[in-house]
Every structure is written in structure tokens, then in C-alpha cells.
Amino acid sequence: MTISADHTAPHSTSTEAAENALTEAVKKFGITVEDYMLPARHQIQMVDPDGRLIPESEQGTQPGHEYPVPGDDELLAAYERLVVGRRVNDQNSALVRQGRMAVYPSSHGQEACQVAAALCLSDADWMFPTYRDAVAVMTRGVDPVQVMTIFRGDWHGGYDPLKYKVGIQCTPLTTQLLHAVGVAHAAKLRGEDTVVLAMCGDGATSEGDFHEALNFAAVFHLPVIFFVQNNKYAISVPLAHQSVAPSLAHKAVGYGMAGERVDGNDVVALLAVLDRAVKLAREGSGPLLVEANTYRMQAHTNADDDTRYRESAEVAEWRAKDPVNRMRTYLTDRGLLDDDGEARIREKAEAVATQLREGLSEDVPVDPQELFRHVFSAPTPQLKEQSAMLADELARDAAASSSDQEAGK
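For clarity, every value in this text was computed on a predicted model and none was experimentally measured.

Some points on the nonpolar core
Reasoning step 1: With 74 residues, the main nonpolar core has Tyr36, Tyr79, Met148, Leu197, Ile225, Phe227 and Met327 as its most contacted residues.
Reasoning step 2: Each residue touching Tyr36, except ones within four places of it in the same chain, is listed here: Leu22, Val26, Phe29, Ile31, His65, Ala258, Leu280, Ser285 and Leu288.
Reasoning step 3: Val196, Phe216, Ala217 and Ala252 belong to the second largest nonpolar core, which has 27 residues in total.

Here's what the structure looks like:
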């Protein structure tokens, strides 16, 4: 990727400006720039798999990497969305089996990452999801049926990105990171108070687009958070065959940005880490990389046979770390969640599942000419020619059908 000198500030290169800004941002922590950029020696975890709050001295924090426990209201809101997200994942998997959707990449087991990613942002911030981040998009406020329209395969995308500040879910691997960096760069040039959260998986870190996005964001000191959901497999390729770095968060220092790793099944720790990352990015600390260690409990998609590349014992080990059960126990033990509260949340989750069943069962009228309307802002001569050919073919089919009906009378 070529970076144009036209974007550099007067009397200073963009790299020098970024280095100065990073140095200033680190001063308040009283640590070195290197200690700021390197992730904490242990991943951040606040609530263990049994739902118990871990003593602060054992949470993995260190100077410059301290995280307060989020407030009770934030945690209750997150739990509600966890339960809804789990129900959505299971309902969508059923809809695929019933033939109502073409495909669904489930995030069952990764709901804590999904929820925290959406809740850490303000209304004016942007989120760029992957194909597996439907729960995050819904948590952002997008209508569930609109989110799933793209997986039914009958339209380009079901929601307006500008309205929700959410990019259309990307099936091509890692392209959304470049889109995220572009939006962040534009917002910075305009002087807007915008933070961009770019989501990807561990497989995406092996792509060239990942390198280009992180390098550009660091050089131009952009307010982007790269959120890597490390679910241990790039479809069937295990992490050990992708990278031998100490962690994916360690990749951040090579680009000159801060990295952190967090338990991706601990929504308390996720909220704490991502809330702080958003705050730092908004204050001008530049881009950050957060790696969440989690696990994809179900197959890559309905077309995948995960038994061919992972053992059932491994899946069972991660099932014991379930983010929904963990949070339910934590809130119940603290007296923040009772049976009535649980029933109310489950009722809401069932309402969303019903909305999905009914919405995705409706027949949608198909207009083939839409294939050509959303490719370029101004159609090219080739698209106009193809559109005319299709229109002629449809007209001939309609005429033939009408003749057959007349002949049959």
C-alpha cells in the first residue's frame, strides 16, 4: 500500500506526529512506551469459568493495564443481550436446517465478544463486523430480520449502514478492516469525535489486508480498535499453523500500537478492556489491538464438518467456560439477578426468536434488475447492456407464459 505524502501534516511527517502523540498518551500511565504497547503478561480475566470474581491481584493486570469492574447496570444489560444472542444463534441454526436461510455462521460460544463489541461504542461510533458477527450487529440496534436478510440470499444487505453506523457484514476475509480504517481516517480529517471498532478472527491476521489496515492506522494515528476474536480455527486451520507469536496481541507492537489480550468468554473483562480501549482511542492515543481468546462451539457454517479437524474433548473443555452460564452465576451470586429477572430476559429472547421465524418465513418478491442497481453509483456501459439483455429475456419469458396460458383455455 502506498501512503501519499499529501496527507502528512505541515513541517512534520505523519510518522513523527504519531510517535509524539503516542509518547504523550503514555506519560499519564508512568510506564515506558514499550510497556504500554506490549500486552500484559497474562490475559485479563475478572470472572472465572465458575462465575466467581477473581481477586484483583490475579486478574492479569499490571501498571498501565489496570481495569475497573464495570457498573452493575452495564453488566445486567450485557447479560440480557448474551441470553438474546444465544437464542438468536440457536434459532438461526434451526432456520438453516429448515431451509429458510441459505447459510449461517454461528457465534454460539462467542456471544460475550459480540455483546461487548457493540456495547462499548457510542451512537456516533462505527462498527465493522465479520460474517460471524450477527449478534453484535443486532446488539447495535439493527432489526434482527434485517440482519439475517443477507444470509437468506435474496438481497444485497438488509440494513442501512449509515443509519446504524454498522458496516454490512463482510464475507470476504478481512476487507472490512480496510473499510474501518478509511472511515476513521475520514473522521479524523473532518475533526469528528468518532471511534471505529473493526472486528476480525484469528484467520484474518494471516491476511495481507490485516497488515495494511494496521500499518495505515498506526502511521496516521487513527482512532481504530482492531478486535480479534481468536476462536482457535480459521475454518479448519488451527492457530498453531497460522502463527507462532506469543499471542496475536503481541503483533500490535510491530506496528507501533498498544495490544491487549482478554478472556473472550468473560463479558466483565471484555467490557472493561474494550471500554478503556474506546476511551483511549477517543482521547487521541491512536489505534489499539485487542485479542479475545474464545471458542467457536459449533461448526464454521452449516456446510462444515468440524469433527474432521477437532476432537470432542476439546469442545467439551470449552463448553465448561460458557460465557452465558458464567455471567448468570456471577450476577445471581451478587444478588443482581433473580428468577423473575431471568424469566423476563428469556421472554425477550423468545420474542426475538419468534420475530426471526416469522420474518424469515415471508416470501419476498424478487426483482432481478436489482442485480445491477447497487454495483456502481453510475452504471457502466457493460452493466446497462447486461440489464437490457435480462429485461429482454424476462419479457420474452412473460410473453411465452402468457401464450401458453391462452392456449390452455
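More follows now that the structure is in view.
Focus on the sheet that holds strand S6 (residues 258–263)
Across a sheet, paired strands are connected by hydrogen bonds in the backbone, their directions being either parallel or antiparallel.
Reasoning step 1: What the 5 strands build is an open sheet, ordered S1-S2-S3-S7-S6; its pairing is parallel. Edge positions in the open sheet fall to strand S1 (126–128) and S6, since each of these has one partner strand only. Neighbour-to-neighbour, the strand axes of the sheet open up by a mean angle of 20°, direction not taken into account.
Reasoning step 2: Where S6 and strand S7 (residues 288–293) come together, 6 bridges link them in parallel fashion. The residue bridging Gly259 from the neighbouring strand is Leu289, located in S7.
Reasoning step 3: Against the sheet, helix H8 (residues 175–190) touches S1, strand S2 (196–201) and strand S3 (224–230), its axis set at about 170° to S2.
Reasoning step 4: Each of S2, S3, S6 and S7 is contacted by helix H10 (residues 267–283), which is oriented at about 170° to S7, the strand it contacts most.

Remarks on the confidence of the model for the chain
Reasoning step 1: Taken residue by residue, the chain gives an average pLDDT of 92. The fraction at 70 or more is 95%.
Reasoning step 2: Below a pLDDT of 50 lies the segment residues 1–5, which in the model reaches 6 contacts outside its immediate sequence neighbourhood of four places, other chains included.
Reasoning step 3: Counted against residues more than four places away or in other chains, residues 7–11, with its pLDDT under 50, gives 3 contacts.

Some details on the packing of aromatic side chains
Reasoning step 1: Under the definition given, this model contains 8 aromatic pairs.
Reasoning step 2: Linked through ring pairs, Tyr233, Tyr295, Tyr309 and Trp318 together constitute an aromatic cluster.
Reasoning step 3: Here Lys321 stacks its cationic end above the ring of Trp318, 4.1 Å away from the centre of that ring.

About the cut-offs
Within each chain, residues carry numbers counting from 1 in the order of the written sequence. Reporting of local features is limited, given that this is a predicted model, to residues whose pLDDT is at least 70; pairs of side-chain atoms are given and counted only at 80 or more, and all residues count toward the totals for whole chains, interfaces and linings. Computation of side-chain values: all heavy atoms of the structure, hydrogens and water removed. The nonpolar core is taken to be a set of buried Ala, Val, Leu, Ile, Met, Phe, Trp, Tyr and Cys residues, with the residues joined through side-chain atoms within 4.5 Å. Residue burial is assigned from relative accessible area. The probe radius is 1.4 Å, only protein chains are included, and a residue is buried under 20% of its type maximum, exposed over 50%, and partly exposed in between. What makes two residues a contact is simply this: any of their non-hydrogen atoms within 4.5 Å. Only strands that DSSP links by at least two bridges are regarded as paired with each other. Comment: elements are numbered from the N terminus, with helices defined as DSSP H or I runs of at least four residues and strands as E runs of at least two. Whenever a helix is involved, its axis is fitted only over the stretch in contact; in every case the axis is a line through C-alpha atoms, and angles between N-to-C directions fall within 0 to 180 degrees. The predictor reports its confidence for every residue as pLDDT, a score running from 0 up to 100. Centres within 6.5 Å make a pair out of two Phe, Tyr or Trp rings, where for Trp the six-membered ring is used; the pair is then stacked when the planes are under 30 degrees apart, edge-to-face when over 60, and tilted otherwise. A ring is considered to have a charge above it if a Lys NZ or an Arg CZ atom is located within 6 Å of its centre and within 35 degrees of its normal.

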